[in-house]
Amino acid sequence: MNTLNIVRFDDIVDKFLEYHPDGNPDLLIKAFAYASKKHEFAKRKSGLPYIIHPLSVAFIVASHRLDIESIAASFLHDVVEDTETPLSEIESLFGKEVATLVDGLTKVSAIENVSKEEKESANFRKLLVSIAKDPRILIIKLADRLDNMRTLEAMPEHKQRRIARETLDIYAPLAHAIGMGRIKNELEDLCFKYLWPEEYRALSTEVEKRKKVYSKYKDEILERLLSILKKRNIKCRVQHRIKHLYSIFRKIQRQNITLKEVYDFLAFRIILLEENISKCYEVLGEIHANWTHIPHRWRDFIARPKKNGYQSLHTTLIHTEGIYFEVQIRTDSMHKIAEEGIAAHWQYKQGKVSKIENSALYKNISEVILKIQENSDRDFLEHFRENLSDLTHDITVLTPRGKPISLPEEATPVDFAYAIHTEVGHRCTGAKVDGQMVPLDTKLKDGNIVEILTSNNGRPRLDWLKFVKTNKARNKIKAWFREHEKKEKIEEGKMLLEQALRKYKIPFSKVNINEIRNKYRSYKINSLEDLYFLIAKKNISLKRVLEIIEPELKKKTKKPIVFSKSVSENLKFEKSIKVKGIENIFVTRAKCCNPIHGDEIVGYLTKTKGITVHRKDCKNISKHMALTPEKFIDVEWMTKENINFTVSVEVFTENIQGMLTKLSHIFEVLNLNIKNVRGSEINGKKQAHFIFDVSVSSKTQLEELIRKLKETKGVISVWRKK
């Protein structure tokens, strides 16, 4: 790379030829030329040509020694998304493999007029599903995010914080999950800089001071280490590093300690050139023989590797009074995994390339992603955040019989109990750690011996959800309470149905489960208990169930008087609004944002329509705020019930048979009147897009509708149309 830190195309070719000396870079030349042409007039926020970004991403990918298709895809990763280029053109020019990688990195273009959260969730779902099929997509995505974080200064402050938060929550943990330590550490430090700038500057200053203190001792320790290893004829290389800033910050915050108490501030890595695990333990013995070590601070990640494949021996030593340092001992192959993680599986080893698709790490990641993919009735992005702990762990604790259990950092005895067995978790009443009774919210440490006390009368407690760290424990606790809630709901539904039957003088003998099941084919109604539960949960309409049991009820129902939408709704709307300081003024509802009861609102004084009421977040009104502030009038909702207004709800779904019926049923259950519905097939007929005009009385009722729609299987996203 040149002195300006701007990557040149030749830098990437040189990197590629380093590990593929017989390779032909023609594909890279072609991809770079094509990307340069497509991004010819585009600029980054910094004002630099856009092509600098794909160059930087390609260099990071080449530095991790990925195949030529991955580097080519790095050049092209923004072409389909940012230019009018169809994916088919990429495939015809560069082949199916490159096109598949580019497609996995391209956001969903069909989603429009949705919230940022909905769009993020849909795009991240697509990305993760692509990663499950080809992990190279994740490495390119991490390289993309790393370069964006390196150049984040050019963005507005609010975007800096948003992007940094997303990176720290999702992409840094993903890098950790696949063992890419260098990328993970740099991402975390960059996020630290933008999310906690004052703390970042203060800690940076303190770390620089401490580096100067350690500089003298660092040389002494290194010289002594090399002397010991030479005497034992250990063929190796020795590196040293200072702990990265965010890791120091997190440790200080979590353990409530000072910088002086961060004992792994300075660390040395002894990397054995001989692939001999027993030599690692031999070196550890020599180290312990020459320095005082802290017994409870040595960790064996060779015998008990981390889920991301990390293996090493760690020990903390005392050089002199107040000077602590860590030594990590590993073989060369272990070091490659520690630094490059999943990417190391593509690298040559003894003349062969290890296929990542066959690795335990990739299988673990794929299983977790596919498990989350099954939960299509939930917010995908949020669900993934909750499940990241399934991809990583930081500590290993032992059962009394010595069985190792892997857990995330700060896991508790309750997490440990559920890791052993679900019933152990459910019946947990107490715990011993290293022989001592401890509270159940105690944070476990690496190497603890944990014993769980159980009782046949034990049961989970809701407050456990406040401190458990593993997804398994959280899900099992929730499942237990759902099951017990189901029993209560069955009783509630039974009571509701029996009361309704008595009210309309319908004998219970007329309840025919088969008849009801035939009307509700999308639900499993095999017993009265199933029917009671669905009634209590409001998944099915009690009114319609009664009409199925006694068809005569439907005939007796009187049709309500219907006013025209334009007259009735505006009349009701005017009565529901109070204008502060003004009486007897004409009030209309803005068509651009359709405010409903519960929305934050503002009035705008017009020449011919009196006061038009908008939602405060309405895009059409925000541009007038600064230009004509004198025209804005304070308005508020008056307490009124049963005032309904029409809003539009858009639903983006998988294109499967019966989807419209499913969606319409939700409106029926909630007793909401659909005024109009429009639908179309999109994205090559793979998805469907519906717009429902529905009458609602409040924002709360609308939010309940949206929640129910999101919970429907096959629904991708739901939003209120602006």
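Residues numbered from 1 in each chain as written. Predicted model: local features only at pLDDT ≥ 70, side-chain atom pairs only at ≥ 80, totals over all residues. Heavy atoms only, no water.

**Q** Got a minute to help me understand the sheet that holds strand β13 (residues 450–454) in this structure?
**A** One key point about sheets: their strands pair by backbone hydrogen bonds, in either a parallel or an antiparallel sense. Spatially, the three strands line up as an open sheet ordered β12-β11-β13, and their pairing is antiparallel. What marks the edges here is a single partner per strand, and that holds for β12 (436–438) and β13. Adjacent strand axes in the sheet meet at a mean angle of 35 degrees, parallel and antiparallel pairs treated alike. Pairing of strand β11 (residues 428–433) with β13, which is carried by five bridges, proceeds in the antiparallel orientation. Directly across from Val-433, in β13, lies its bridge partner Val-450. Set on the sheet, helix α18 (residues 413–420) makes contact with β11, β12 and β13; between it and β13 the angle comes to about 80 degrees. (Pairing = 2+ DSSP bridges. Helix = DSSP H or I, 4+ residues; strand = E, 2+ residues; numbered from the N terminus. Axes fitted to C-alpha atoms, helices over the stretch in contact; angles between N-to-C directions. Contact = heavy atoms within 4.5 Å.)

**Q** How should unusual backbone geometry be read in this particular structure?
**A** Excluding glycine, a negative phi dihedral is what most residues carry, and trans is how most peptide bonds are arranged. Unusually for a residue other than glycine, Asn-233 sits at a positive phi of about 55 degrees. Its place among the elements puts Asn-233 in the loop between α12 (197–231) and β1 (236–242). Positive phi, close to 55 degrees, is recorded for Lys-505, a residue that is not glycine. Within the element layout of this structure, Lys-505 appears in the loop between α20 (471–503) and α21 (513–519). Residue class for Lys-505 comes out exposed when judged on its relative accessible area of 76%. (Buried < 20%, exposed > 50% of the residue type's maximum accessible area, 1.4 Å probe, protein only.)

**Q** Got a minute to help me understand the environment of Thr-454 in this structure?
**A** If you trace the backbone, Thr-454 turns up in strand β13. Judged by its relative accessible area of 48%, Thr-454 falls in the partly exposed class. Residues Thr-454 and Ala-417, spaced 37 residues apart in sequence, show a C-alpha to C-alpha distance of 9.6 Å.

**Q** Whenever I open this one, the pattern of salt bridges confuses me. Can you help?
**A** Two side chains of opposite charge can pair, provided their charged atoms sit close to one another. Following the criterion strictly, the structure yields 38 salt bridges and no others. Note that Arg-182 and Glu-340 form a salt bridge whose closest N and O atoms lie 3.7 Å from each other. You can see Arg-182 sitting in helix α11 (residues 181–195) and its partner Glu-340 sitting in helix α15 (residues 332–340), a full 158 residues away along the chain. Owing to a relative accessible area of 41%, Arg-182 belongs among the partly exposed residues under this scheme. In this structure, Glu-409 engages Arg-250 in a salt bridge whose closest nitrogen and oxygen atoms are separated by 3.7 Å. Placement of the pair is Glu-409 in the loop between β10 (404–407) and α18 and Arg-250 in helix α13 (residues 245–255), with a sequence separation of 159 residues. (Salt bridge = Lys/Arg side-chain N within 4 Å of Asp/Glu carboxyl O.)

**Q** Where do I start with the sheet that holds strand β20 (residues 645–654) in this structure?
**A** Here we have four strands laid out as an open sheet, ordered β21-β22-β20-β23, and antiparallel in their pairing. Strands with a single pairing partner mark the edges of an open sheet, and in this sheet they are β21 (673–682) and β23 (715–720). Geometrically, the sheet is characterised by an average inter-axis angle of 20 degrees between neighbouring strands, direction not taken into account. Judged from the five bridges that link them, β20 and β23 form a sheet pairing that is antiparallel. Across the sheet, Val-651 pairs through a bridge with Val-718, a residue of β23. Contacts between helix α28 (residues 659–669) and the sheet are confined to β20, β21, β22 (687–696) and β23, with β22 contributing the most and set at about 20 degrees to the helix. Packing of helix α29 (residues 699–710) onto the sheet brings it into contact with β20, β22 and β23, and relative to β23 it is tilted by some 165 degrees.

**Q** What's the story with the packing of aromatic side chains in this structure? I'm lost.
**A** Two descriptors summarise a pair of aromatic rings, namely the distance from one centre to the other and the angle between the planes of the rings. This structure, assessed with the given rule, holds 22 aromatic pairs. Centre to centre, the rings of Phe-16 and Tyr-19 are 5.8 Å apart; their planes meet at 85 degrees, and the pair counts as edge-to-face. Here Tyr-19 and Phe-16 lie together in helix α1 (residues 9–19), a separation of three residues that amounts to about one turn. Seen in terms of ring centroids, Phe-301 and Tyr-310 are 5.8 Å apart; in terms of plane orientation they differ by 75 degrees. Their pairing is edge-to-face. A single burial state applies to Phe-301 and to Tyr-310, both of which are buried. Grouped by ring-pair contacts, the aromatic residues Phe-192, Trp-196, Tyr-200, Tyr-246 and Phe-249 constitute a single cluster. Of note, Arg-224 hangs over the ring of Trp-291, and the distance from its end group to the ring centre comes to 4.3 Å. (Phe/Tyr/Trp six-rings, centres within 6.5 Å; stacked < 30°, edge-to-face > 60°. Lys NZ or Arg CZ within 6 Å of the ring centre and 35° of its normal.)

**Q** Just checking my understanding: could you explain the state of the cysteines for this structure?
**A** Disulfides are covalent bonds that link the sulfur atoms of two cysteine residues. Under the criterion given, the structure shown has zero disulfides. Of all cysteine sulfurs, the one in Cys-592 lies closest to Cys-618, which takes part in no disulfide; the gap is 3.5 Å. Judged by relative accessible area, which is 5%, Cys-618 ranks as buried. (Disulfide = S-S within 2.5 Å.)

**Q** So what exactly am I meant to see when it comes to the pairing of strand β5 (residues 313–320) here?
**A** By the criterion of burial, β5 is predominantly enclosed, with six of the eight residues buried. Note that strand β3 (residues 292–293) and β5 share two bridges and pair antiparallel. Residue pairing across strands places Thr-292 opposite Ile-318, the latter belonging to β5. Note that strand β4 (residues 299–300) and β5 share two bridges and pair antiparallel. Its bridge partner being in β5, Asp-300 is matched across the sheet by Leu-313. Here β5 runs beside strand β6 (residues 323–331); their pairing, made up of seven bridges, is antiparallel.

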